[in-house]
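# Breakdown of the fold
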Amino acid sequence: MRMLDLFSGIGGFHKGFEQAGYGFEWVGFSEIDKYAAMVYQERFPDAKALGDITSIQPGRDLPSHIDILCGGFPCQAFSIAGKRRGFDDTRGTLFFDIARILRHYKERGKPINYFVLENVKGLLGHDNGRTFSTIYKVLTDLGYTVECQLLNTKWLLPQNRERIYIVGHIGRGSRSKVFPIGESDSLLQKSRKTRQASRQYSTTITQNLMRGAHSGGETLIQVGNVDKKGHNSIWGRVYDTNGISSTLNSEGGGMGAKTGLYHLDNKVRRLTPKECERLQGFPDDWTAYAGDQKISDTQRYKMCGNAVSVPVVELVATKIRSLHG
């Protein structure tokens, strides 16, 4: 498969599709954050670095055909935590560079078969729904059938992280292909069982914490005045009283500070970068180094907060793969 990984971060889409069983003939990635690009290249040395998406010229920089395009396009312009300026924010207009690349392949008679895009929940309601309507119209005008759904990382990992996933497949048709995915979906149940059996999370943050249980470590509970609905009066953020971490965030002086303090290992402390990697589904120390360079905790928190959750991508990728036998 040939995959174009835009706004690639530390490779969550690449890792998710890989774990879903895809093999790659070619992968190109676009990322402007220096450290995220370094980590991506470290973990996927055969991938081609494309730099800034606004500088990509498909006829010059990309192969003659691509099977799938992925992109967690910048969310700050639509995020509830931000100013929500949408297309008035330069970061919001980067969506149109995705459309530009899709259009290039369509006009040459080799349309990209699938795309998978990810963004914050706030995209749906931004500007009274007009922003999402614009995105939907642009994509359908390019000949894609577009599906979308809010998916929550807490279905698979102990982190409450709602994100909208937008999937498009070339061709017209009303029949749903990828969505909906519900908590009772067989693929989701299978993914849960596989992750629990693999025991890939160690004592402090474990898969079993997803439902408030604990296995070897302490239940993940945010410390502060948390009421029965999970509202915390100190940080003004929502936490889950069943041991689910709040949404990991790249802002506010580091993810550890932004998500507050937790009762772990019989003490009150912040999450470590390694634990944040686990909460996003990455292997331990995924962001710790690139080549001989050790990466600071500040950058590691930022990269994890900006990443897509690997198991959620794997779930979507598995659903796409199942449609092709």
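Residues numbered from 1 in each chain as written. Predicted model: local features only at pLDDT ≥ 70, side-chain atom pairs only at ≥ 80, totals over all residues. Heavy atoms only, no water.

### Looking at the overall build of the protein chain
The helix and strand inventory of the protein chain stands at 11 helices and 12 strands. Sequence separation of 24 or more characterises 66% of the internal contacts of the protein chain that already satisfy a separation of 6 or more. Of the accessible surface of the protein chain, which amounts to about 14300 Å², a share of 47% is contributed by carbon and sulfur atoms. (Helix = DSSP H or I, 4+ residues; strand = E, 2+ residues; numbered from the N terminus. Contact = heavy atoms within 4.5 Å. Areas by Shrake-Rupley, 256 points an atom, 1.4 Å probe, with all protein chains shown as cover.)

### Remarks on the sheet that holds strand β2 (residues 26-30)
Here we have 7 strands laid out as an open sheet, ordered β3-β2-β1-β4-β5-β7-β6, and mixed in their pairing. Whereas interior strands pair on both sides, the edge strands pair on one side only; in this sheet they are β3 (48-49) and β6 (144-152). Against the sheet, helix α1 (residues 12-19) touches β1 (2-6), β2, β4 (68-71), β5 (114-120) and β7 (162-170), its axis set at about 150 degrees to β1. (Pairing = 2+ DSSP bridges. Axes fitted to C-alpha atoms, helices over the stretch in contact; angles between N-to-C directions.)

### As for the pattern of salt bridges
One pass over the full model with this rule turns up 13 salt bridges. In this structure, Glu118 engages Arg163 in a salt bridge whose closest nitrogen and oxygen atoms are separated by 3.6 Å. Of this pair, Glu118 sits in strand β5 while Arg163 is found in strand β7, placing the two residues 45 residues apart along the sequence. Classification of Glu118 by relative accessible area gives buried; the value is 8%. Taken together, the salt bridges that share partners define one network made up of Lys274, Glu277, Asp285 and Arg300. (Salt bridge = Lys/Arg side-chain N within 4 Å of Asp/Glu carboxyl O. Buried < 20%, exposed > 50% of the residue type's maximum accessible area, 1.4 Å probe, protein only.)

### Here we look at the nonpolar core
Within the largest apolar cluster, 41 residues are counted, with the highest numbers of intra-cluster contacts made by Phe17, Val116, Tyr165, Val316 and Ile320. Mapped by element, the contributors of at least two residues to this core are α1, β2, α2 (34-43), β4, β5, β7 and α11 (310-322). With 7 residues, the single largest contributor to this core is α11. For Val316, the contacting residues outside a window of four places in its chain are Val116, Leu151, Tyr165, Val167, Val178 and Phe179. Leu6, Phe7, Ala99 and Val146 belong to the second-largest nonpolar core, a separate cluster that totals 31 residues. (Core = buried A, V, L, I, M, F, W, Y, C linked by side-chain atoms within 4.5 Å.)

### With respect to the side chain of Asp97
Along the polypeptide, Asp97 turns up in helix α4 (residues 95-107). Here Arg100 takes part through its side chain, which lies 3.1 Å from a polar atom of the side chain of Asp97. If near-sequence neighbours (up to four positions away) are discounted, Asp97 is found in contact with Ile53 and Thr54. (Polar contact = N/O pair within 3.5 Å; in protein donor to acceptor, adjacent residues only side chain to side chain.)

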